[in-house]
Amino acid sequence: MTVVKQKDQHMRNLSVDGARLWDCLMEMAKIGATPKGGSRRLALSNLDREGRDLFVRWCREAGCAIRVDRMGNIFARRPGRDDGLPPVMMGSHLDTQPSGGRFDGVYGVLAGLEVVRTLNDHGYETDAPVELSVWTNEEGARFAPSMIGSGVFAGAYPLEKGLACSDTDGRTVGGELQRIGYAGDEECGGRPIRAFFEAHIEQGPILEAEDKTIGVVTGAQGLRWYDVTVGGTDSHAGTTPMDRRRDAMAGAAGMVVAVERIGRETPAAVTTVGMMRVAPNSRNVIPGEVFFTIDARHPDAAALETMDTTIRDVCADIAGQAGLALKISDVTDTAPVVFDAECVAAVRRAAEQAGYAHRDIVSGAGHDACFINRVAPTAMIFVPCKDGVSHNETESATPEDLTAGCNVLLRVVMDAAEV
Ligand code: GLV
Ligand code: MN
Ligand code: MN
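Residues numbered from 1 in each chain as written. Chains lettered and ligands numbered in written order. Predicted model: local features only at pLDDT ≥ 70, side-chain atom pairs only at ≥ 80, totals over all residues. Heavy atoms only, no water.

1. Re the domain arrangement of the protein chain
Then comes step 1: Taken domain by domain, the protein chain holds domain 1 (9–221 + 336–416) and domain 2 (222–334).
Then comes step 2: Distance from the C-alpha centre of domain 1 to the C-alpha centre of domain 2: 34 Å.
Then comes step 3: Here domain 1 meets domain 2 over a buried area of about 1,000 Å², counting both sides, of which 61% is carbon and sulfur.
Then comes step 4: Counting across the interface, domain 1 meets domain 2 through 0 salt bridges.
Then comes step 5: Applying the counting criterion to the domain 1 and domain 2 interface returns 2 residue pairs in polar contact (both at pLDDT 80 or more).
Then comes step 6: Of the residues contributing to the side of domain 1 that touches domain 2, the split by class is 8 nonpolar, 6 polar and 2 charged. (Domains from an automatic or database assignment. Buried area = accessible area lost by both parts, 1.4 Å probe. Salt bridge = Lys/Arg side-chain N within 4 Å of Asp/Glu carboxyl O. Polar contact = N/O pair within 3.5 Å; in protein donor to acceptor, adjacent residues only side chain to side chain. Nonpolar A, V, L, I, M, F, W, Y, C, P; charged D, E, K, R; others polar.)

Right, dumping it as structure tokens:
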């Protein structure tokens, strides 16, 4: 045993193979490659299936056993010395935005795979097993709400709700999981996890601006999503006098501008209307119905609650003055998250030991880690991305920074897996 522990000490200085990690990222990015260098792999599409299949193949080649749960979350397990211990888990998502980049989510998944490969290269046995996870529909681009796979796993949503989420064509998560062959039979959640770590690009400008390599993520801001439907009357654009109209588009436009202003006027807030549908969508018909979405975020729960009230009041005022119908439905409400103090400290320590410039940071984006934090000690590792741009085909990160984040992941996982 002493001999093994001495070997372990020596092994503490292991490094991942950054070139191998980069090659895998570029290989995955070919699946759904877009003209401007990004990826489009919408959740549970044929391309998502291809990405999942490639990941599963790589994991099997690395000696991992694969399991899939009822939400289609994939788990690849590398056994531990004491395989009865709860696993140390690493993971993120492989689905992308419609015009997504090559790194959002994919990095956290493939950095985990690179950690497993590095452990294999050195014949390093961890005490606890190590698992990789791929969470279903993190982005929420095809099926709302976002982070539905990790949300069901963590008990934030019932399984039935997760499986019933539907896209704009009425196809459900459950049906699409069956179709692409990823409707697993394992129970979703309800098992202990020793610790969970998610590596991710920052998706914002702070690390790059401050010349830091590692973001030690202490938590994430709160997020609310709403569906808004504004109802008016369809009528002829040429013959309906301006004072006799119930123009849903004009009302919705006022609401969009107001929502954006609330974001600007609330310190630390961000607000976005990212999606809109107009009916009947004909240039010479006054729109009778407009549907749009609101994404509102703030790091402070009370401030988010105030924004909620303001948004509802402002939209109701605009609708009332124009004689329009208004329906606002809640799609998701995720409170601000504080990650586990010990896991966060482990990330900070690992960055320090490896000599990487680092700073603490709060995530502006939502992540699977925000839900897994409810059922396991959790933290995240950020690396910079070019100009802070993400949810964009041109999203970019350097091999050096990606390697650094993966080295931090390796260290924290090795430590957490040790009894
Ligand atoms: C996830 O991508 C988010 O919207 O934060
Ligand atoms: Mn992501
Ligand atoms: Mn994303």
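2. A short note on the packing of helix α2 (residues 18–29) against helix α3 (residues 46–61)
Then comes step 1: Running from N to C, α2 and α3 cross one another at 150 degrees; their axes reach a closest spacing of 10 Å. The orientation of α2 relative to α3 falls into the category roughly antiparallel. Across the interface between the two elements, Cys-24, Glu-27 and Met-28 of α2 pack against Gly-51, Leu-54, Phe-55 and Trp-58 of α3. (Axes fitted to C-alpha atoms, helices over the stretch in contact; angles between N-to-C directions. Helix = DSSP H or I, 4+ residues; strand = E, 2+ residues; numbered from the N terminus. Parallel < 35°, antiparallel > 145°, perpendicular 65-115°, else oblique. Contact = heavy atoms within 4.5 Å.)

3. Side note on the coordination of the manganese ion (ligand 2)
Then comes step 1: The coordination sphere of the manganese ion (ligand 2) contains the protein donors His-93 (NE2), Asp-104 (OD) and His-200 (NE2), at a distance range of 2.0 to 2.3 Å.
Then comes step 2: In the primary sequence, the donor residues of the manganese ion (ligand 2) line up as H-x10-D-x95-H.
Then comes step 3: Looking at His-93, the relative accessible area reads 0%, which means it is buried. (Donors = N, O, S within 2.8 Å, 3.2 Å for Na, K, Ca; no water. Buried < 20%, exposed > 50% of the residue type's maximum accessible area, 1.4 Å probe, protein only.)

4. Re the packing of α2 against helix α13 (residues 399–416)
Then comes step 1: Close contact between α2 and α13 brings their axes to 9 Å; oriented N to C, the two are set at 110 degrees. In terms of orientation, α2 and α13 fall into the roughly perpendicular class. Counting all contacts with α2, which are made through Gly-18, Leu-21, Trp-22 and Leu-25, the residues of α13 involved are Pro-399, Leu-402, Thr-403 and Cys-406.
Then comes step 2: The residue inventory of the contact of α2 with α13, partitioned by class, reads 6 nonpolar, 2 polar and no charged.

5. What about the coordination of the manganese ion (ligand 3)?
Then comes step 1: Bound to the manganese ion (ligand 3) are the protein donor atoms Asp-104 (OD), Glu-139 (OE), Glu-139 (OE) and His-391 (NE2), situated 2.1 to 2.4 Å from the metal.
Then comes step 2: Along the chain, the residues donating to the manganese ion (ligand 3) fall in the pattern D-x34-E-x251-H.
Then comes step 3: Here the manganese ion (ligand 3) and the manganese ion (ligand 2) are spaced 3.6 Å apart, with Asp-104 acting as a shared donor. With Glu-139 in the loop between β4 (130–134) and α5 (148–153) and His-391 in the loop between β16 (378–383) and α13, this residue pair connects regions lying 252 residues apart in the sequence.
Then comes step 4: Relative accessible area serves as the criterion here: at 7%, Glu-139 is assigned to the buried category.

6. Thoughts on empty space enclosed by the protein
Then comes step 1: For the structure on display, the rule yields 1 cavity of 30 Å³ or more.
Then comes step 2: Reported here for the largest cavity is a volume of approximately 50 Å³.
Then comes step 3: Around the largest cavity sit Met-147, Ala-220, Gln-221, Leu-223, Arg-297, Thr-334, Ala-335, Val-337, Gly-364, Ala-365, Gly-366 and Cys-370, which together line it.
Then comes step 4: Partitioned by chemical class, the residues of the lining of the largest cavity number 7 nonpolar, 4 polar and 1 charged.
Then comes step 5: Taken domain by domain, the lining of the largest cavity gets at least three of its residues from each of domain 1 (9–221 + 336–416) and domain 2 (222–334). (1 Å grid on protein atoms, 1.4 Å probe; cavity = no way out; pocket = protein on both sides within 12 Å on 5 of 7 lines; lining within 4 Å. Points joined across faces, edges and corners; volume = space filled by probe spheres on them.)

7. Some words on the pattern of salt bridges
Then comes step 1: If you walk through the whole model with that rule in mind, you get 28 salt bridges.
Then comes step 2: For Arg-77, the salt bridge goes to Asp-83, with nearest N and O atoms at 3.4 Å.
Then comes step 3: A relative accessible area of 16% means that Arg-77 is categorised as buried.
Then comes step 4: Notably, a salt bridge pairs Arg-81 with Asp-127, separated by 2.5 Å at the nearest N-O pair. One end of the pair, Arg-81, is in the loop between β2 (74–78) and β3 (88–92); the other, Asp-127, is in the loop between α4 (106–121) and β4, and 46 residues separate them in sequence.

8. Some thoughts on the site of ligand 1
Then comes step 1: What surrounds ligand 1 is the set Glu-138, Glu-139, Arg-297, Ala-365, Gly-366 and His-391.
Then comes step 2: At 3.0 Å from an oxygen atom of ligand 1 is found a side-chain nitrogen or oxygen belonging to Glu-139.
Then comes step 3: For ligand 1, an oxygen atom lies 2.7 Å from a polar atom in the backbone of Gly-366.
Then comes step 4: Protein coverage of the free-state accessible area of ligand 1, which is 190 Å², stands at 94%.
Then comes step 5: Grouping the amino acids of the shell around ligand 1 by side-chain chemistry returns 1 nonpolar, 2 polar and 3 charged. (Near = heavy atom within 4 Å. Areas by Shrake-Rupley, 256 points an atom, 1.4 Å probe, with all protein chains shown as cover.)

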